[in-house]
Amino acid sequence: MMTQEQCTHRNNVQSSEKPQVYKVGIYGWRKRCLYFFVLLLMILILINLALTIWILKVMNFTIDGMGNLRITEKGLKLEGDSEFLQPLYAKEIQSKPGRPLFLQSSRNVSVNIMGSNNQLLTQLVTGSSGFKARGKMFEVKSTSGKLLFSADEQEVVVGAERLRVMGAEGAVFSKSVETPHVRAEPFKELRLESPTRSLLMEAPKGIQILAEAGDIQAICRNELRLESKDGEISLDARRIRLMRLPEGKASTSSSSSGTRQTVYEVCVCPNGRLFLSQAGTGSTCQISNNVCL
């Protein structure tokens, strides 16, 4: 057992010792590293905030959109030049009121209309090689809705009041041409020509060739035939001239001596050839028939 003196001595020793204090926190190099990382994080946050504000300013971000893109009630609105690197899908593309719509490409501009089974129905291509259109029918109409031009697999229709061909060689048709009226421009000549083949004009109720202020010329290399199967051929003019007709020579017994003959009559051979014969008191066609041989 501990004596009373020992207990008293122990109590005095415990009371003479100072109380021990434990420190809580980060001290030394750990504290300095923590402050450094906090400072670095604040600098990064400020830089990120400055870059964000700069991007918003440069890209012109607003409540309605960004840059040239604006979001309106009717859709998207682009102002200025716009470039699309991927396909653009839109229901309708239109320009500002009173401003043109300009499409530009370094190669070509293609407009395709696809069917339900991804089949190409209509295609419009403009490129360096030219302008190409593909479809079942092509139509051009005026502002009033009048048909000016249409083309399909069956026919090509020109609805304008006048068809003008400006080429020096005129119009070339490999097949037949059906038209109710062929007319030249005012003060211009109308010329129908077939350089290597024949020229055929047919009409069930007649053909009328009219030149109100000029001449009509029919020129061919071999034969010019005017044929009427059921009717007649009428030459109605004040003067009819038959140029370069051969002159038949009468026999010696029937030839008259004296003054030179200046009056002739027109004779017809059985084969239809015309020739001139010196006129006499009677017909000299039977005498001057050597041309018909």
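Here, residues in each chain are numbered from 1, in the same order as that chain's written sequence. Only residues with pLDDT of at least 70 are given local features in this predicted model, and only at 80 or more are side-chain atom pairs given and counted; all residues enter the totals for whole chains, interfaces and linings. Hydrogens and waters are ignored; side-chain quantities use all the structure's heavy atoms.

Per an unreviewed UniProt entry, the protein chain goes by Sarcoglycan, delta (dystrophin-associated glycoprotein) and derives from Seriola dumerili. In its Sequence similarities (unreviewed entry) section, the UniProt record describing the protein chain reads: "Belongs to the sarcoglycan beta/delta/gamma/zeta family." UniProt positions are given in the numbering used here, feature names are shortened, and annotations may be inferred rather than shown by experiment.

1. Brief notes about the sheet that holds strand E4 (residues 108–114)
Here a strand pair is declared whenever DSSP counts at least two bridges between the two strands. Secondary structure elements follow DSSP: runs of H or I of four or more residues count as helices, runs of E of two or more count as strands, with numbering from the N terminus. The strand order across the open sheet built from three strands is E4-E5-E6, with neighbouring strands paired in antiparallel fashion. Here the strands that pair on one side only, and so sit at the sheet edges, are E4 and strand E6 (130–134). Each strand axis lies, on average, 5 degrees off the axis of its neighbour in the sheet, ignoring direction. The pairing of strand E5 (residues 120–127) with E6 spans five bridges and is antiparallel. Note that in E6 the partner of Gln123 across the bridge is Arg134. To define axes, lines are fitted to C-alpha atoms, for helices over the stretch in contact only, and angles between the resulting N-to-C directions are given on a 0 to 180 degree scale.

2. Looking at the nonpolar core
Residues Cys267, Cys269, Phe275, Cys285 and Val291 constitute the largest nonpolar core, which totals five residues. In what follows, residue pairs with any heavy atoms lying within 4.5 Å of each other are defined as contacts. With residues near it in sequence (within four places) discarded, Cys285 still touches Glu265, Val266, Cys267, Phe275 and Ser277. Residues belong to one nonpolar core when they are buried, are Ala, Val, Leu, Ile, Met, Phe, Trp, Tyr or Cys, and are joined through side-chain atoms within 4.5 Å. Only protein chains enter the calculation, and the probe is 1.4 Å; a residue is then buried if its accessible area is under 20% of its type maximum, exposed if over 50%, and partly exposed in between.

3. Overview of the environment of Arg191
Mapped onto the fold, Arg191 is located in the loop between strand E9 (156–158) and strand E10 (264–268). Through-space distance from the C-alpha of Arg191 to that of Ala218 is 9.9 Å; in sequence the pair is 27 residues apart. Under this definition, polar contacts are N or O atom pairs within 3.5 Å; protein pairs additionally need one hydrogen-donor-capable and one acceptor-capable atom, and for neighbouring residues in sequence, both atoms have to be side-chain atoms. Within the local environment of Arg191, its side chain forms a polar contact with the side chain of Glu193, the two groups lying 3.4 Å apart.

4. A look at helix H2 (residues 29–58)
Compared with an ideal rise of 1.5 Å per residue, which puts 30 residues at 44 Å, H2 spans 43 Å between its outermost C-alpha atoms and is within 8% of the ideal. Phi turns positive one or two residues past the end of H2, at Asn60, with a value near 55 degrees. Helix span is expected to be 1.5 Å times the residue number reduced by one.

5. Notes on the packing of aromatic side chains
Each aromatic ring pair is described using two quantities: the centre-to-centre distance and the angle formed by the ring planes. Any Phe, Tyr or Trp ring, taking Trp's six-membered ring, that has another such ring centre within 6.5 Å forms a pair; planes under 30 degrees apart are called stacked, those over 60 apart edge-to-face, and the others tilted. Overall, the coordinates contain two aromatic pairs when judged by the stated rule. Here the aromatic rings of Phe138 and Phe149 are separated by 6.3 Å at their centres, their planes lie at 65 degrees, and the arrangement is edge-to-face. Of the two residues, Phe138 sits in strand E7 (residues 138–141) while Phe149 sits in strand E8 (residues 147–151), which places them 11 residues apart along the sequence. Owing to a relative accessible area of 37%, Phe138 belongs among the partly exposed residues under this scheme.

6. Comments concerning the state of the cysteines
Cysteine sulfur atoms are paired as a disulfide whenever they come within 2.5 Å of each other. This model, assessed by the stated rule, comprises two disulfides. Linked covalently through their sulfurs, Cys267 and Cys285 form a disulfide whose S-S length is 1.8 Å. Because the sign of the S-S torsion sets the handedness, a value of about -80 degrees for the bond joining Cys267 and Cys285 places this disulfide among the left-handed ones. Here Cys267, found in strand E10, pairs with Cys285, found in the segment after strand E11 (274–278); they are 18 residues apart in sequence, far enough to count as distant. Here Cys267 matches Cys285 in class, with each residue buried. The residue that forms a disulfide with Cys269 is Cys292, at a sulfur-sulfur distance of 1.8 Å. Between Cys269 and Cys292, the S-S torsion sits near -80 degrees, and that sign places the bridge as left-handed. Of this pair, Cys269 sits in the loop between E10 and E11 while Cys292 is found in the segment after E11, placing the two residues 23 residues apart along the sequence.

7. Some thoughts on the environment of Gly65
Looking at where Gly65 falls in the secondary structure, it is placed in strand E1 (residues 65–66). As for Gly65 and Lys77, which are separated by 12 residues in sequence, their C-alpha atoms are 9.3 Å apart. In contact with Gly65, other than residues within four places in its own chain, are Asn60 and Arg70.

8. A short note on the pairing of E10
In this sheet, E11 lies alongside E10 in antiparallel orientation, the contact comprising five bridges. Of the residues in E11, the one forming a bridge with Val266 is Leu276. The hairpin formed by E10 and E11 contains five residues between the paired strands, and Gly272 there has a positive phi angle of roughly 95 degrees.

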